[in-house]
Structures are given as structure tokens and as C-alpha cells.
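Chain by chain, the residues run as shown.
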Amino acid sequence: MAAETWEFDVVHSSINFWVRHLMVSKVRGRFTRWTGKLSLDEQNPAGSSVEAQIEADSIDTREEQRDAHLRSPDFLDVAKFPQLTFRSRSVQKAGDGRYTVQGELTLHGVTKPVTLAVEHGGRARDPWGGERTGFSAHTSLDRKDFGLGWNKAIEAGGVMVGEKVEIDIEIEAKRQSAAKPAEARQ
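Residues numbered from 1 in each chain as written. Predicted model: local features only at pLDDT ≥ 70, side-chain atom pairs only at ≥ 80, totals over all residues. Heavy atoms only, no water.

Asks: Where do I start with a nonpolar patch on the surface in this structure?
Replies: Taken together, the side chains of Leu22, Met23 and Val24 present a nonpolar region at the surface, about 280 Å² in accessible area. On the secondary structure map, valine 24 appears in the loop between strand S2 (14–21) and strand S3 (25–31). (Patch = residues over 30% accessible without salt bridge, like charges linked within 9 Å, V, L, I, M, F, W, Y side chains within 5 Å. Areas by Shrake-Rupley, 256 points an atom, 1.4 Å probe, with all protein chains shown as cover. Salt bridge = Lys/Arg side-chain N within 4 Å of Asp/Glu carboxyl O. Helix = DSSP H or I, 4+ residues; strand = E, 2+ residues; numbered from the N terminus.)

Below, the structure is given as C-alpha cells:
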């Protein structure tokens, strides 16, 4: 079986994150505008690949003032770096329905390797005759590795914003139909 192309259904998918605030709680957020696709070869996972493009200014933590700060040069600097991108470099089976996806994340103009722990949720037919597949993925990164070093010390010790960012991704993708030969389209 050859690799199949799947487009992300962003209406039924999400890119979420959380980071420590004041060392005592978690601030959660998400990106609301992004696209992605995957080439999936279940018989030969090494022949699979995934890529995504995220609009940096779509960051949403449900607090306008904080979101404006996150878009500023202190953090994402969306005017200078409008997109985050991920491109896989390898896909390996890591157990029943589990995969390890290694790739490169470009964030704030810095490209670094990241590893996603991925779980395949299965396949299903949708009511319109299409085929869907789903995946859950997790990774964590140190925001300072990407030049996102802004912080403030707090009086009791520690810092305002944690360095570790936890990322959880839910993907539902729709299989793309094979292109029909030119003669058959007439």
C-alpha cells in the first residue's frame, strides 16, 4: 500500500499549549488558524510525513491583554515572524497504535528539532462517504531555546512565566481522493 495524502480538518482538530504562571498555576492557550497535511503509509511508517503551518497572531489564551503581549516582540513577534512551521524528518512505530515523529519546529525565526509522541485514534467513514483518521500528539519544549526569553522575577522567588511549554495536538484528517487521469475527467 502506498502512502495516502490526508488534509487536516482544522474544525475538528486543535493545537493547545500550557505554561506555568507565577510558578503556581497553568495558563492554557491555543492557536486558532493553521493548516496541515500528512502522508500516511501505515504499512511502512518510515514512508510517512507530516507538516503544519500555524499563524502566530492566532494565539488565544482568552485574555486580550496577555494575547497582545504574546504577539509582541517580547514573545512571538508576529510582525517579524508571522508563522510557526513543523516538518517531520522521520516517523517510527513505537508500539500498537503509537508513533514517534521527529521533526523541525520553526518558531520565532529559530528552527530546532522536536519529538512528538503520537497515538493513532483509528479510521472511520464520515456520513458523506469520505474517510477520516485521527491522531493525538504531545511534546514539550523550552521556550528559551527559540529565543523567547522574556520573564520577570517574582518577589517570593521564581519567575512569572515558566520556561517549559507543554503542547497537545488533536488531529482529525480527511483522506484526499487520488487525482483522476485527464481522459477520465472529460
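Asks: In this structure, what is going on with the packing of aromatic side chains? I would like to understand it.
Replies: The description of an aromatic ring pair uses the distance of the two centres, along with the angle that the planes make with each other. Within the structure shown, the criterion is met by 2 aromatic pairs. Pairing phenylalanine 8 with tryptophan 34 gives two aromatic rings, centres 6.0 Å apart and planes at 70°, and the pair type is edge-to-face. Of this pair, phenylalanine 8 sits in strand S1 (residues 4–8) while tryptophan 34 sits in strand S4 (residues 34–40), and the two are 26 residues apart along the sequence. Accessibility classification places phenylalanine 8 together with tryptophan 34 in one group, the buried group. (Phe/Tyr/Trp six-rings, centres within 6.5 Å; stacked < 30°, edge-to-face > 60°. Buried < 20%, exposed > 50% of the residue type's maximum accessible area, 1.4 Å probe, protein only.)

Asks: Explanation requested: the environment of aspartate 96 in the structure shown.
Replies: Along the chain, the position of aspartate 96 falls in the loop between strand S7 (83–95) and strand S8 (98–107). The sequence separation of aspartate 96 and threonine 115 amounts to 19 residues, and the corresponding C-alpha distance is 18 Å.

Asks: Looking at this model, I keep getting lost on the nonpolar core. Mind explaining?
Replies: The nonpolar side chains of a soluble globular protein tend to be buried with one another. Counting residues in each nonpolar core, the largest one holds 39 residues, and the members touching the most others are Phe8, Phe31, Leu38 and Leu76. Per element, the largest residue contribution to this core is 6 residues, and it comes from strand S11 (residues 161–175). Setting aside its immediate chain neighbours within four residues, phenylalanine 31 contacts Ile15, Phe17, Ile54, Glu55, Ala56, Ser58, Ile59, Leu76 and Leu84. (Core = buried A, V, L, I, M, F, W, Y, C linked by side-chain atoms within 4.5 Å. Contact = heavy atoms within 4.5 Å.)

Asks: Please clarify how the pairing of S8 should be interpreted in this entry.
Replies: Each regular strand carries side chains that alternate between the two faces of the sheet. Burial along S8 is one-sided: Tyr99, Val101, Gly103, Leu105 and Leu107 are buried, while Arg98, Thr100, Gln102, Glu104 and Thr106, pointing the other way, are not. Looking at chain direction, S7 and S8 are connected through 9 bridges and run antiparallel. Along S8, the bridge assignment pairs phenylalanine 86 with leucine 105. Here S7 folds back onto S8, and the loop between the two strands holds 2 residues, one of which, glycine 97, carries a positive phi near 70°. Relative to strand S9 (residues 110–125), S8 runs antiparallel, the two being bridged by 10 bridges. When the bridges of S9 are listed, threonine 106 appears paired with threonine 111. Counted along the chain from S8 to the antiparallel partner S9, the turn is 2 residues long, and its residue histidine 108 has a positive phi close to 60°. (Pairing = 2+ DSSP bridges.)

Asks: Looking at this structure, how should I read the pattern of salt bridges?
Replies: Pairs may arise between side chains of opposite charge once their charged atoms sit close together. The full count for this structure, using the stated rule, is 14 salt bridges. Glutamate 4 is the salt-bridge partner of arginine 175, the closest N and O atoms lying 3.8 Å from each other. Of this pair, arginine 175 sits in strand S11 while glutamate 4 sits in strand S1, and the two are 171 residues apart along the sequence. Taking the relative accessible area as the measure of exposure, arginine 175 reaches 31% and is therefore partly exposed. Across the pair glutamate 131 and arginine 123 runs a salt bridge whose closest N-O atoms are separated by 2.9 Å. Arginine 123 gets classed as partly exposed once you look at its relative accessible area, which sits at 32%. Taken together, the salt bridges that share partners define one network made up of Glu4, Glu42, Arg123, Glu131 and Arg175.

Asks: So what exactly am I meant to see when it comes to the environment of glutamate 4 here?
Replies: Note on glutamate 4: relative accessible area 14%, which makes it buried. In the structure, glutamate 4 is positioned 22 residues away from lysine 26 in sequence and 38 Å away in space, judged by C-alpha atoms. In this structure, glutamate 4 is in contact with Leu38, Ser39, Leu40, Arg123 and Arg175, ignoring residues within four places of it in sequence. One polar contact links glutamate 4 to arginine 123, side chain to side chain, over a distance of 2.6 Å. (Polar contact = N/O pair within 3.5 Å; in protein donor to acceptor, adjacent residues only side chain to side chain.)

Asks: Mind showing me how you'd approach the side chain of serine 48 here?
Replies: Turning to its location among the elements, serine 48 is positioned in the loop between S4 and strand S5 (49–55). Non-local contacts of serine 48, meaning those with residues more than four positions away in its chain, are made with Ser39, Leu40, Asp41 and Val91.

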